[in-house]
Amino acid sequence: MRKRTVTFVLAAAMAVSSVLPVYASEETESAGDLSGKTFAIVIRNAGNPYAEKEAEGFREVIEAAGAECIVRTPERATADAQIPLIQSLISQEVDAIAIASNDVNALTASLTEAMEAGIKVSSLDSNVAPEARQTFVNQAGVQEIGQALADAVYDISGGEGQWAILSASSQAANQNSWIEAMQTIMEDEKYAGLELVEIAYGDDEPQKSTDQTQALLEKYPDLKVICSPTTVGISAAAKVLQDNQSSVKLTGLGLPSEMSEYIGDDDSHSCPYMFLWNPEDVGRLSAYTSIALVEGTITGAVGETFEAGDMENSPYTITECDDGGSEVILGPPFRFDSSNIDEWKDIY
């Protein structure tokens, strides 16, 4: 199976900015013969390029293993839009469901029903309650992301002034975890000169994220930095800031292909640098996790290990998650700036 994207080398959290990506081999190992098995992935919402890349990676691994892959895409980034999709998959008697949730708690009843029906359930990218899953495929450690973003705000602002957060939805588990980690880190005296004025929510919708960015600029004339830990939000905010030639700067988590024109070190660019990981690799790791659950290689318990084809950090070990459940971590965030954005903008 051809591997079209790249994986990232693990490094210490404090050296995020120096992590260098490497190309994996062109051939990806098949996970084995799974003919007759059906694996489903439910992504966040339609029109979300990041989520679509996750689905591509998931499908690639599942189909290479000889199994059927079903991708379900809700029209909106809400739990209400995901629940009917889960119910439909239960009726289809799929073997596994991987879901990037829009609400950490609202999907519990449906996913519990799926597990009671014998379906292996895991979450990816955005978590669900521990009782509603076997394990969680986490793109990067919460503390590593929180530290990288907190230090970016500190660096870009010069260590003082007002800053704001443009998040996805108020129920998004991954966003909330990263924001909480940032806030905890910023209790340190080092960040005393920074004032968080607002956490705005764009619900991972381009227009709403645009409107929220404009509102932040109007409400806070002394704002220095916006941190948007969501690919939809950061691209919408970047356009607003650059089109308005605003002095407010931006950082967060974004797709290189969508952010390349906004990244630069001068006043004509709205984003000095940002972070992300490979979303296709998140999907791939999720697929290998689902396969291991279906084959019985793992149950989702802390300490178990499983192979993930030719992914850079295979075999992976299941570790304890902050919520008391378990998780599998892909790796730390990677920094994109003016020195490397041109290299990566055509990759994903």
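None of these values were measured; they are calculated from a predicted model.

Rules used throughout
Along each chain, numbering runs from 1 in the same order as the chain's sequence is written. Local features are withheld for residues below a pLDDT of 70 in this predicted model, meaning they are given only at 70 or higher, and side-chain atom pairs are given and counted only at 80 or more; totals for whole chains, interfaces and linings count all residues. In computing side-chain properties, one takes all heavy atoms of the structure into account and sets aside hydrogens as well as water. Put simply, DSSP H or I for four residues or longer makes a helix, DSSP E for two residues or longer makes a strand, and each gets a number counted from the N terminus. For every residue, the accessible area obtained with a 1.4 Å probe (protein chains only) is divided by the maximum for its type, and the residue is called buried under 20%, exposed over 50%, and partly exposed between those limits. Residues are treated as being in contact if the distance between any of their heavy atoms lies within 4.5 Å. Using the Shrake-Rupley algorithm and a 1.4 Å probe, accessible areas are obtained, with residue cover drawn only from the displayed protein chains. Here Asp and Glu are counted as negative and Lys and Arg as positive; His is not counted, and neither are the chain ends. The atoms used to mark charge sites are NZ of Lys, CZ of Arg, CG of Asp and CD of Glu. UniProt positions are given in the numbering used here, feature names are shortened, and annotations may be inferred rather than shown by experiment. Paired strands, in this sense, are two strands between which DSSP finds at least two bridges. Only the stretch in contact is used when a helix axis is fitted, and all axes are lines through C-alpha atoms; the angle between N-to-C directions ranges over 0 to 180 degrees. Buried Ala, Val, Leu, Ile, Met, Phe, Trp, Tyr and Cys residues form a nonpolar core when they are joined through side-chain atoms within 4.5 Å. Think of the arc as the fan of directions from the helix axis to the C-beta atoms. In the analysis that follows, any N or O atom pair within 3.5 Å is treated as a polar contact, provided that within protein one partner can donate a hydrogen and the other can accept it, and provided that, for residues neighboring in sequence, both atoms belong to side chains. Orientation labels follow simple angle bins: below 35 degrees gives roughly parallel, above 145 gives roughly antiparallel, 65 to 115 gives roughly perpendicular, and whatever is left gives oblique. Crossing chirality is assigned from the near helix's rotation relative to the far helix, an anticlockwise turn below a right angle marking it left-handed and a clockwise turn marking it right-handed. Nonpolar residues are Ala, Val, Leu, Ile, Met, Phe, Trp, Tyr, Cys and Pro. Charged residues are Asp, Glu, Lys and Arg, and all others, Gly as well, are polar. Geometry of aromatic contacts follows a simple scheme: Phe, Tyr and Trp rings, the Trp one being its six-membered ring, pair when their centres are within 6.5 Å, and the pair is stacked under 30 degrees between planes, edge-to-face over 60, tilted otherwise. Working rule: Lys NZ or Arg CZ, within 6 Å of ring centre, within 35 degrees of ring normal, means a charge sits over the ring.

### As for the overall build of the chain
- Within the chain, the secondary structure is distributed over 10 helices and 17 strands.
- C-alpha extents for the chain along the principal axes are approximately 60 × 40 × 35 Å.
- Counting every position in the chain, which comprises 348 residues, the buried fraction comes to 58%.
- Residue pairs at least 24 apart in sequence account for 67% of intrachain contacts in the chain once pairs closer than 6 positions are excluded.
- Put simply, the chain shows about 13400 Å² of open surface, and 44% of that area lies on carbon and sulfur atoms.
- Side-chain charges of the chain comprise 20 positive and 56 negative groups, with the mean position of each set lying 4 Å from the other.

### Considerations on the UniProt feature "domain: Periplasmic binding protein" (unreviewed entry) in the chain
- On the UniProt side, "domain: Periplasmic binding protein" (unreviewed entry) is annotated at positions that read residues 39-296 here.
- Regarding residues 39-296, the helix share stands at 45% and the strand share at 20%, and the terminal C-alpha atoms are separated by 15 Å.

### Considering the sheet that holds strand S11 (residues 249-252)
- Ordered in space as S9-S8-S10-S11, the 4 strands form an open sheet in which the pairing is parallel. The outermost strands of the open sheet, each flanked by one partner alone, are strand S9 (194-201) and S11. Neighbour to neighbour, the strand axes of the sheet diverge by 25 degrees on average, direction disregarded.
- Across 4 bridges, the pairing between strand S10 (residues 223-228) and S11 is parallel. Bridged to Val225 within S11 is Lys249.
- Sitting on the sheet, helix H6 (residues 206-219) is in contact with strand S8 (161-167), S9 and S10, with an inclination near 145 degrees to S9.
- Across the face of the sheet, helix H7 (residues 231-243) comes into contact with S8, S10 and S11 while running at roughly 170 degrees to S11.

### Some remarks on the nonpolar core
- Within the largest apolar cluster, 85 residues are counted, with the highest numbers of intra-cluster contacts made by Phe39, Trp163, Leu250, Met259, Trp277, Leu285 and Phe306.
- Leave out the neighbours within four places in its chain, and Leu250 touches Ile156, Ile226, Ser228, Ile234, Ala237, Ala238, Leu241, Met259, Ser270, Cys271, Pro272 and Tyr273.
- The next biggest cluster of nonpolar side chains, apart from the first, holds 19 residues, and it includes Ala40, Val42, Ile99 and Ala132.

### Describing helix H3 (residues 108-116)
- Taken together, the buried positions of H3 are Thr108, Ser110, Leu111, Ala114 and Met115. Across the axial projection of H3, the buried residues extend over an arc of 170 degrees, all falling on one side. Turned more than 90 degrees off the buried face of H3, the exposed positions are Ala109 and Glu116.

### Considering the environment of Asn278
- Among the structural elements, Asn278 can be located in the loop between strand S12 (273-276) and helix H9 (279-295).
- One polar contact links the side chain of Asn278 to the main-chain amide nitrogen of Glu280, over a distance of 3.0 Å.

### Here we look at the packing of H6 against H7
- Two numbers describe how H6 lies on H7: the axes approach to 8 Å, and their chain directions differ by 50 degrees. One finds that H6 runs oblique with respect to H7. Where H6 crosses over H7, the handedness of that crossing is right-handed. Where H6 abuts H7, its residues Pro206, Ser209, Thr210, Thr213, Gln214 and Leu217 lie against Val232, Gly233, Ala236, Ala237, Val240 and Leu241.
- Classifying every residue of the contact of H6 with H7 by side-chain character gives 7 nonpolar, 5 polar and no charged.

### Description of the pairing of strand S7 (residues 135-138)
- Alternating residues of S7 divide into Thr135 and Val137 and Phe136 and Asn138, and every residue in both groups is buried.
- Judged from the 3 bridges that link them, strand S6 (residues 120-124) and S7 form a sheet pairing that is parallel. In the strand pairing of S7, Ser123 is matched with Phe136.
- Examined bridge by bridge, S7 and strand S16 (residues 326-329) share 3 bridges and lie parallel to one another. The residue of S16 that forms the bridge with Asn138 is Ile329.

### What about the sheet that holds strand S15 (residues 319-320)?
- Taken together, 7 strands build an open sheet; the order of strands is S4-S3-S5-S6-S7-S16-S15 and the sheet is mixed. Two strands in the sheet have a free side with no partner beyond their single neighbour: strand S4 (68-72) and S15.
- Bridge count between S15 and S16: 2 bridges; the pairing is antiparallel. Among the inter-strand pairings, Thr319 is bridged to a residue of S16, identified as Glu327.
- Along the sheet, helix H1 (residues 49-64) contacts strand S3 (38-42), S4, strand S5 (96-99) and S6; its crossing angle with S4, the most-contacted strand, is approximately 165 degrees.

### Brief notes about the environment of Gly159
- In this fold, Gly159 is placed in the loop between helix H4 (142-157) and S8.
- Along the primary structure Gly159 and Thr184 are separated by 25 residues, whereas in three dimensions their C-alpha atoms are 16 Å apart.
- The contact partners of Gly159, leaving out residues within four places of it in the chain, are Tyr154, Gly193 and Leu194.

### Considerations on the packing of aromatic side chains
- Following the criterion strictly, the structure yields 8 aromatic pairs and no others.
- On the basis of an interplanar angle of 80 degrees and a centroid distance of 4.8 Å, the ring pair of Phe334 and Phe336 is categorised as edge-to-face. Here Phe334 and Phe336 have matching classes, each one buried.
- Taken together, the ring pairs connect Phe334, Phe336, Trp344 and Tyr348 into an aromatic cluster.
- Note that Lys190 overlies the ring of Tyr154, its terminal NZ or CZ placed 4.8 Å from the centroid.
- Sitting over the ring of Tyr273, Arg335 keeps its end group 3.7 Å from the ring centre.

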